[in-house]
Amino acid sequence: GETITVADLAQKMALKGGEVVKALFKMGVMATITQSIDHDTAALVTEELGHNVVRADASDVENELIAHVESNEGDKVARPPVVTIMGHVDHGKTSLLDYIRRTKVATGEAGGITQHIGAYHVETDKGVISFLDTPGHAAFSSMRARGAKLTDIVVLVVAADDGVKPQTVEAIQHARAASVPLIIAVNKIDKSGADPQKVKNELLEQEVVAEEFGGDIQFVELSAKTGQNVDGLLDAISLQAELLELQAVAEGRAAGVVIESSLDKGRGPVATVLVQQGELKKGDYLVCGVQYGRVRALFDETGSQVESAGPSIPVQVLGLSGVPDAGDDFVVVEDERLAKDVAQQRDAKRRESRLVAAAGGNRMEDIMAQ
Ligand code: GTP
Ligand code: MG
């Protein structure tokens, strides 16, 4: 937490160092002028000496947090890609995610509880890949509205027996708007009516040009049912990720975004977050939207406890004061008091902007900021 030297504190109150040492002594705290005391002790002795305690404004802290996230200080290292699966209804998004998860995510021994988690990561021969299980999810739209990127690559699933459909086209537009590269997974090639060539032609009309037609979009023909060539898709993702040269600062205070959240009867508020920079650790204090708290426990997608999570890794967080919204960002801060101040200030601001909206105001930036 925060500390201050006795000399600095004395200077702030325009007192001699010795006077503060004496007051501390009366309180039962032995400290010399050059020693540091913690925040609570400093506040107590300040009041004891008849001064008011004024804390730094939470908006200063907020600005500092934003600066921290944006400056992304430290050495950048390669990070895994974050992949979102999209596609038309029934084209096999869930089946594909399930197949990858079933075959690539080692289930934890601890109780073996396989709980739904909106994101997971897998280890392949060519490195780690993180998948978001929430296409078109609130988090995705909310991040997009703020111009931030949640995902690095979109895998667009198109059923080979059905071809390009309205939601296929929509997904292409989403990916383009967010400048996220596409990989086409031509699914259900095990079916008798499968016609992968037709899919390629139809996508050509959408200006999604396969490599064999002189474009740069990777097409992978596979079956989410039998698992045929799913490894080919993982290879294609790794290749695309290499081209993107994805990097992040892997050390220091973590920041990221909420993928999904819920209130668990036994465990309280649970948030699945994607760490985007730094290292999120057990015991960290964090602000998360208008919630705050201390990380009581972290769980991976298999339900196993982990000590920490780095960039691009999704993890479940326990210990928040309340349930944050999907799409909310989170930042680790130095102590709980700071976390609480920022969260409460945000909450007040949010209420205020809701009132503006309710009063018929159309301050779009306020509404978007929610
Ligand atoms: P929504 O979430 O409703 O949009 O659907 P989805 O895209 O998640 O599709 P889902 O994975 O639920 O699959 C729809 C149906 O297609 C299910 O009956 C699957 O079993 C079937 N299916 C998915 N992939 C394949 C495949 O590769 N081959 C065959 N034969 N069937 C598949
Ligand atoms: Mg589905």
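These numbers were taken from a predicted model, which means no experiment stands behind them.

Chemist: It is not clear to me how the site of ligand 1 should be interpreted in this structure. Could you clarify?
Modeler: Surveying the vicinity of ligand 1 reveals 15 residues, the closest of which are Lys93, Thr94, Ser95, Asp190 and Ala224. Lysine 93 places a polar side-chain atom, nitrogen or oxygen, 2.8 Å from an oxygen atom of ligand 1. A distance of 2.5 Å separates an oxygen atom of ligand 1 from a polar side-chain atom of serine 95. Expressed as a share of its isolated accessible area of 650 Å², the protein-covered part of ligand 1 is 69%. Broken down by element, the shell around ligand 1 gets its largest block of residues, three residues, from helix H5 (residues 93–104). Residues belonging to the shell around ligand 1 are distributed by class as follows: two nonpolar, seven polar and six charged.

Chemist: Looking at this structure, I do not really get the side chain of serine 312. What am I missing?
Modeler: Among the structural elements, serine 312 can be located in the loop between strand S17 (308–309) and strand S18 (314–320). Assessed through its relative accessible area of 3%, serine 312 is described here as buried.

Chemist: Would you mind going over the pattern of salt bridges with me for this structure?
Modeler: Working definition: two side chains of opposite charge can pair if their charged atoms are close together. What the rule picks out here adds up to eleven salt bridges. Lysine 191 is the salt-bridge partner of aspartate 161, the closest N and O atoms lying 2.9 Å from each other. Of this pair, aspartate 161 sits in the loop between strand S7 (153–159) and helix H7 (166–177) while lysine 191 sits in the loop between strand S8 (182–187) and helix H8 (196–205); the two residues are 30 residues apart in sequence, bridging distant segments of the chain. Under the relative-accessibility criterion, aspartate 161 is labelled partly exposed at 30%. With its nearest N and O atoms 3.9 Å apart, the salt bridge here joins aspartate 329 to arginine 346. Placement of aspartate 329 in strand S19 (residues 329–333) and of arginine 346 in helix H10 (residues 336–358) is noted, with a sequence separation of 17 residues between them. Counted as one network, the salt bridges with shared partners bring together Lys200, Glu212 and Glu221.

Chemist: Even after reading the chapter, I still don't get helix H3 (residues 39–48), so can you show me in this structure?
Modeler: Each α-helix winds once per 3.6 residues, and so residues spaced three or four apart point in a common direction. Those residues of H3 that fall on the buried side of the exposure criterion are Thr41, Ala42, Ala43, Val45 and Thr46. Packing partners of the buried residues in H3 comprise strand S1 (3–5), helix H1 (6–12), helix H2 (17–26) and strand S2 (36–38). Residue aspartate 38 occupies the N-cap position of H3, its side-chain oxygen lying 3.3 Å from the main-chain nitrogen of aspartate 40. Of the residues trailing H3, glycine 50 is marked for its positive phi of about 80 degrees.

Chemist: Please clarify how the packing of H5 against helix H9 (residues 230–244) should be interpreted in this entry.
Modeler: Helix-helix packing is characterised by the crossing angle of the two axes and by the distance between the axes. Direction vectors running N to C along H5 and H9 enclose 90 degrees, while the axes themselves pass 11 Å from each other. With respect to each other, H5 and H9 are oriented roughly perpendicular. Between H5 and H9, the residues in contact are Leu96, Tyr99, Ile100 and Lys104 and Val230, Asp231, Leu233 and Leu234, respectively. For the contact of H5 with H9, a count of residues per class yields six nonpolar, no polar and two charged.

Chemist: How should the nonpolar core be read in this particular structure?
Modeler: Within soluble globular proteins, side chains that are nonpolar generally end up buried alongside one another. With 25 residues, the main nonpolar core has Leu96, Ile100, Phe131, Val155, Ile183, Leu233 and Ile237 as its most contacted residues. Elements represented by at least two residues in this core include exactly strand S4 (82–87), H5, strand S5 (119–124), strand S6 (127–132), S7, S8 and H9. Examining the composition of this core, we find that six residues originate from one element, H9, more than from any other. Membership of the second largest hydrophobic core comes to 20 residues, among which are Met86, Ala160, Ala175 and Val180.

Rules behind the numbers
- Residues numbered from 1 in each chain as written.
- Chains lettered and ligands numbered in written order.
- Predicted model: local features only at pLDDT ≥ 70, side-chain atom pairs only at ≥ 80, totals over all residues.
- Heavy atoms only, no water.
- Near = heavy atom within 4 Å.
- Polar contact = N/O pair within 3.5 Å; in protein donor to acceptor, adjacent residues only side chain to side chain.
- Areas by Shrake-Rupley, 256 points an atom, 1.4 Å probe, with all protein chains shown as cover.
- Helix = DSSP H or I, 4+ residues; strand = E, 2+ residues; numbered from the N terminus.
- Nonpolar A, V, L, I, M, F, W, Y, C, P; charged D, E, K, R; others polar.
- Buried < 20%, exposed > 50% of the residue type's maximum accessible area, 1.4 Å probe, protein only.
- Salt bridge = Lys/Arg side-chain N within 4 Å of Asp/Glu carboxyl O.
- Contact = heavy atoms within 4.5 Å.
- Axes fitted to C-alpha atoms, helices over the stretch in contact; angles between N-to-C directions.
- Parallel < 35°, antiparallel > 145°, perpendicular 65-115°, else oblique.
- Core = buried A, V, L, I, M, F, W, Y, C linked by side-chain atoms within 4.5 Å.

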